[in-house]
Amino acid sequence: MTDQPTEFRVTSVKEWAEAIETSALQPGPTFGYQMVDGSWNCAVHLAISGQLTDDAQRLLAAELQQAISDTVNRVLYLAPVSIRFREESAS
């Protein structure tokens, strides 16, 4: 990728929410990676276009989860003991 950031910047929950609203994305599933000692190494909160079909949204989320799981395992040299998913609850 040619547009990778050169440094990470912490984004507040408020900034994340505003970015989602501005780009007309919808909050999607959340998944996190918990290790044997109970620590959390990574959590990802997805936002996906509502313009996609339900099938495309599900497939995109599943593929992203798999890619991120593979990356977590490769980078940390650890297999998580638990991957927890949380779908956005209906309001």
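No experiment lies behind these values; they were computed from the predicted model shown. (Residues numbered from 1 in each chain as written. Predicted model: local features only at pLDDT ≥ 70, side-chain atom pairs only at ≥ 80, totals over all residues. Heavy atoms only, no water.)

**Quick notes on the overall build of the protein chain**
- Within the protein chain one finds 2 helices and 3 strands.
- Secondary structure elements of the protein chain occur, N-terminal to C-terminal, as α-β-β-α-β.
- Taken across its 91 residues, the protein chain has 21% of its residues classed as buried.
- Contacts in the protein chain between residues far apart in sequence, at least 24 positions, make up 50% of those at least 6 positions apart.
- Carbon and sulfur atoms make up 56% of the accessible area of the protein chain, which amounts to about 7,200 Å² in all. (Helix = DSSP H or I, 4+ residues; strand = E, 2+ residues; numbered from the N terminus. Buried < 20%, exposed > 50% of the residue type's maximum accessible area, 1.4 Å probe, protein only. Contact = heavy atoms within 4.5 Å. Areas by Shrake-Rupley, 256 points an atom, 1.4 Å probe, with all protein chains shown as cover.)

**Describing the environment of A61**
- The topology assignment puts A61 in helix α2 (residues 54-76).
- Not counting residues within four places of it along the chain, the set of residues in contact with A61 comprises P29, L46 and I48.

**Examining α2**
- Under the 1.5 Å per step criterion, the end-to-end length of α2 is 33 Å for 23 residues, consistent within 8% with the ideal 33 Å.
- When we look at burial in α2, the residues that qualify are Q57, A61, Q65, S69 and V72.
- Of the residues one or two after α2, Y77 is the one with positive phi, at around 55°. (Expected span 1.5 Å × (residues − 1).)

**Details of the packing of aromatic side chains**
- Counting across every chain of the model gives 1 aromatic pair.
- Ring geometry for F31 against Y33: centres 6.1 Å apart, planes inclined by 90°, an arrangement best described as edge-to-face. For the pair F31 and Y33, a shared accessibility class is recorded, and that class is buried. (Phe/Tyr/Trp six-rings, centres within 6.5 Å; stacked < 30°, edge-to-face > 60°.)

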